[in-house]
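# Structural characterization, general
Okay, here's what each chain looks like letter by letter:
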Amino acid sequence: MKKYKFAKKQNFFGSNRKEDFKTFYTAPKSVRVKQLPAHPMRDLVNVGEYKLAEGIEEKAQFETGKSFKYRFLIQGKGNISSIKKPDLPKDSGLLFYPPNTEQNVSRASGVVYGSKQFDYNIEPSEPGTYNLGDYFQWVYFNPTTERYDTLRS
């Protein structure tokens, strides 16, 4: 820590204080970090307790060439800020526009919780039936169950 000694006699020129340092010591602390179980995505997944809430624009029918809105919302306990958008496969039947992202993070008693929301515009380019679960999925590790889990539409 930097501290200053003040001169007993004021000097018209220069500083009236002298810089000094004070060192503090404490007992060392150790933190044991467990390694995640083996998984192909072990270095890429978030750790926490999450759940999925989703929504789709209310329309009677969807039409090719006209986009609709889809919301993919991840909420729970964990590092919300590090949540990345789901990786979407390239598909000739649906065109996915980059999502608008919104996050809400709170901290209390050493726990980080909140939500991260991804709002997509999706445009069908070909008629057909599409299961959004084939496109939207997000893998994470749940420390309570000690298992990897997937949130899927």
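Just so you know, the residues in each chain are numbered from 1, in the order the chain's sequence is written. Where local features are concerned, this predicted model is filtered to residues with pLDDT of at least 70; where side-chain atom pairs are given and counted, the filter is 80 or more; whole-chain, interface and lining totals use all residues. Working from all heavy atoms in the structure, the side-chain values ignore hydrogens and water.

### Some points on the nonpolar core
Stated formally: Note on terminology: a nonpolar core comprises buried Ala, Val, Leu, Ile, Met, Phe, Trp, Tyr and Cys residues joined through side-chain atoms within 4.5 Å. Here's how the labels work: a residue is buried when its accessible area is under 20% of the maximum for its type, exposed when over 50%, partly exposed in between, all with a 1.4 Å probe on protein chains only. Helix and strand assignments come from DSSP, with helices taken as H or I runs of at least 4 residues and strands as E runs of at least 2, each series counted from the N terminus. Any pair of residues with heavy atoms lying within 4.5 Å of one another is described as a contacting pair.
If you look at the biggest cluster of nonpolar residues, it comprises 18 residues, and the most contacted ones within it are Tyr50, Ile74, Ile122, Phe136 and Trp138. Counting only elements with at least two residues in this core, the list comes to β4 (68–78), β5 (94–96), β7 (111–124) and β8 (137–142). Here Phe136 is in contact with Tyr70, Phe72, Pro86, Leu88, Phe96, Tyr120, Ile122, Leu151, Arg152 and Ser153, once residues within four sequence places are set aside. Formed by five residues, the second largest nonpolar core is a distinct cluster that contains Leu36, Val45, Phe141 and Tyr148.

### Some points on the packing of aromatic side chains
In plain terms, the rule: Each Phe, Tyr or Trp ring (for Trp, its six-membered ring) is paired with any other whose centre lies within 6.5 Å, and the angle between the two planes then decides the class: stacked below 30 degrees, edge-to-face above 60, tilted in between.
By the definition in use, this model includes 10 aromatic pairs. An angle of 45° between the planes, with centres 4.5 Å apart, marks the rings of Tyr70 and Phe136 as tilted. Taken together, the residues Tyr70 in strand β4 and Phe136 in the loop between β7 and β8 connect sequence positions 66 residues apart. Taken as a pair, Tyr70 and Phe136 share a single burial class, namely buried. Between the aromatic rings of Phe96 and Phe136, the centroid separation amounts to 5.7 Å while the plane-to-plane angle is 85°, which identifies the pairing as edge-to-face. Here Phe96, found in strand β5, pairs with Phe136, found in the loop between β7 and β8; they are 40 residues apart in sequence, far enough to count as distant. The pair Phe96 / Phe136 is uniform in exposure class, with both members buried. Here the aromatic residues Tyr70, Phe72, Phe96, Tyr120, Tyr135 and Phe136 are joined through ring pairs into a cluster of three or more.

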